[in-house]
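Residue-level structure breakdown
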Amino acid sequence: AQTVTQSQPEMSVQEAETVTLSCTYDTSESDYYLFWYKQPPSRQMILVIRQEAYKQQNATENRFSVNFQKAAKSFSLKISDSQLGDAAMYFCAYKETSGSRLTFGEGTQLTVNP
Amino acid sequence: DSGVTQTPKHLITATGQRVTLRCSPRSGDLSVYWYQQSLDQGLQFLIHYYNGEERAKGNILERFSAQQFPDLHSELNLSSLELGDSALYFCASSIHFRDRRYFGPGTRLTVL
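Keep in mind it's a predicted model, so treat the numbers as computed, not measured. Sequence order as written defines the numbering, with residues in each chain counted from 1. Ligands are numbered from 1 and chains lettered from A, in the order in which they are written. In view of the model being predicted, local features appear only for residues whose pLDDT reaches at least 70, and side-chain atom pairs are presented and counted only at 80 or more, with totals across whole chains, interfaces and linings using the full set of residues. Derived side-chain values reflect all non-hydrogen atoms in the structure, with water molecules and hydrogen atoms excluded from consideration.

With that out of the way, let us pick up the layout of surface pockets. The way it works is a 1 Å grid over only the protein atoms, where trapped points that fit a 1.4 Å probe form a cavity and open points with protein on both sides within 12 Å along at least five of seven lines form a pocket, and then any residue with an atom within 4 Å of a point lines it. Grid points are joined across faces, edges and corners, and a volume is the space filled by probe spheres set on the points. The space that makes up the largest pocket amounts to roughly 400 Å³. What lines the largest pocket is a set of 18 residues, and nearest its centre among them are B:Gln37, B:Ser38, B:Leu39, B:Asp40 and B:Gly42. Helix and strand definitions here come from DSSP, where helices need a minimum of 4 consecutive H or I residues and strands a minimum of 2 consecutive E residues; each element is numbered from the N-terminal end. Of all the elements in the fold, those that place two or more residues in the lining of the largest pocket are strand E10 (88-96) of chain A together with strand E4 (31-38), strand E5 (42-50) and strand E9 (87-94) of chain B. A class-by-class count of the residues in the lining of the largest pocket yields seven nonpolar, seven polar and four charged. Its boundaries defined by the atoms lining it, the second largest pocket holds a volume of some 190 Å³. Along its surface, the second largest pocket is lined by A:Arg101, A:Leu102, A:Thr103, A:Phe104, A:Gly105, A:Glu106, B:Gln41, B:Gly42, B:Leu43, B:Gln44, B:Phe45 and B:Asn59. Gly is put with the polar residues, along with every residue not named as nonpolar or charged; the nonpolar set is Ala, Val, Leu, Ile, Met, Phe, Trp, Tyr, Cys and Pro, and the charged set is Asp, Glu, Lys and Arg.

Given below as structure tokens:
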């Protein structure tokens, strides 16, 4: 079974600084998707960024970028120029290409200090 | 706003009772997924329906059931409720299972 591990239960960053959240996963599949979701205090699940495993280029969305290391099964999220609104729980998630299920990690609570 | 609606927002009930959670997917989305978020188990996939048919089951208890109706809205039925069923229940939708999921705001269930 696929597993997703986020080893940092909590992280903090100063406003305008850069922070990296870590995620590792385990799978025997060669084609899959990886995601980072943000869950602010409102509890809404918001997609931050998506990476397709067959693409070697790392995905970027404005201030958010990933470092996808397929051989190492690592998928970290970098947030640049952190803003107060980035404070949230961040979840890493995995999905088989043809699968229904999103498998989530335990989450990393990010605090942004002014 | 994701376009996915869930009702009710909050539900408080007693052990042994039965409740129904409702989800309306985004317009045009044929797939509906249910997830449970609890302190103990984290975010867990429960079940996936596509155009009225069950497509995949995850960690869904036998006391729970779901269905998707012809108008594509879905209901999650939870029966013989236990304290441990207290959680946030999310519905998500997508056009096809390969596509991006859009999550609803969730239903907070409290079992006393």
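Turning our attention to the interface of chain B and chain A. When the parts come together, some accessible area is lost, and that loss is often what is quoted as the size of the interface. Whether two residues are in contact is decided by their heavy atoms, any of which lying within 4.5 Å being enough. Contact with chain B, which involves 22 residues of that partner, is made by 17 residues of chain A. Each of two parts loses accessible area, computed with a 1.4 Å probe, when they are put together; buried area is these two losses added. Between chain B and chain A lies a buried interface of about 1,600 Å² when both sides are counted; carbon and sulfur atoms form 53% of it. Its largest share of buried area at the contact with chain A, chain B owes to B:Leu43, B:Arg98 and B:Phe103, together 33% of the area lost on that side. We count a salt bridge whenever a side-chain nitrogen from Lys or Arg sits within 4 Å of a carboxyl oxygen from Asp or Glu. At the junction of chain B with chain A, the criterion picks out zero salt bridges. Polar contacts, as counted here, are pairs of nitrogen or oxygen atoms within 3.5 Å of one another; within protein the pair requires one atom able to donate a hydrogen and one able to accept it, and residues that are adjacent in sequence qualify only if both atoms are side-chain atoms. Counting across the chain B and chain A interface gives five residue pairs in polar contact (both at pLDDT 80 or more). Every element with two or more residues in the side of chain B that touches chain A is listed here: E4, E5, strand E6 (53-57) and E9 of chain B. When grouped by side-chain class, the residues that make up the side of chain B that touches chain A number ten nonpolar, six polar and six charged.

We now examine the state of the cysteines. All names here are of chain A. Whenever a pair of cysteine sulfur atoms sits within 2.5 Å, that pair is classed as a disulfide. With the rule as written, the count across this model stands at two disulfides over all chains. The side chain of Cys-23 participates in a disulfide bridge whose partner is Cys-92; the two sulfur atoms lie 2.0 Å from each other. One quick way to see it: the torsion about the S-S bond of Cys-23 and Cys-92 is about -70°, and its sign makes the bridge left-handed. Of this pair, Cys-23 sits in the loop between strand E3 (19-21) and strand E4 (24-26) while Cys-92 sits in strand E10, and the two are 69 residues apart along the sequence.

Two rings belonging to Phe, Tyr or Trp (six-membered ring only in the last case) form a pair when the distance between their centres is within 6.5 Å. Interplanar angles under 30 degrees mark stacking, angles over 60 mark edge-to-face geometry, and anything in between is tilted. The final tally for this structure, using the stated rule, is 16 aromatic pairs over all chains. Their ring planes at 85° and their centres at 6.2 Å tell us that A:Phe91 and A:Phe104 sit as a pair that is edge-to-face. Note that A:Phe91 is positioned in strand E10 and A:Phe104 in strand E11 (residues 103-104), a separation of 13 residues in sequence. With a relative accessible area of 4%, A:Phe91 lands in the buried category. Under the scheme applied here, a residue whose accessible area is under 20% of the maximum for its type counts as buried, over 50% as exposed, and between as partly exposed, the area being computed with a 1.4 Å probe on protein chains only. By relative accessible area, which is 9% here, A:Phe104 ends up buried. Ring-pair connections join several aromatic residues into one group, and the members of that group are A:Tyr33, A:Phe35, A:Tyr37, A:Phe91, A:Phe104, B:Tyr35, B:Phe45, B:Phe90 and B:Phe103. Put simply, a charge is over a ring when the Lys NZ or the Arg CZ is close to the ring centre, within 6 Å, and near the line of the ring normal, within 35 degrees. Directly above the ring of B:Tyr102 sits B:Arg26, whose terminal nitrogen or CZ lies 3.7 Å from the centroid.

It is worth spelling out the sheet that holds strand E7 (residues 64-68) of chain B at this point. All names here are of chain B. Paired strands, as defined in this entry, are two strands with at least two bridges between them according to DSSP. Judged by pairing direction, the sheet is antiparallel, and its four strands sit side by side in the order E1-E3-E8-E7 without closing on themselves. Looking at the sheet topology across the chains shown, the edges are occupied by strand E1 (5-7) and E7. Adjacent strand axes in the sheet meet at a mean angle of 15° when their direction is disregarded. Pairing analysis gives three bridges linking E1 to strand E3 (residues 19-24), with the strands arranged antiparallel. Paired with Thr-5 across the bridge in E3 is Ser-24. Under this scheme, a helix contributes an axis fitted over its contacting stretch, all axes are lines through C-alpha atoms, and angles between N-to-C directions fall in the 0 to 180 degree range.

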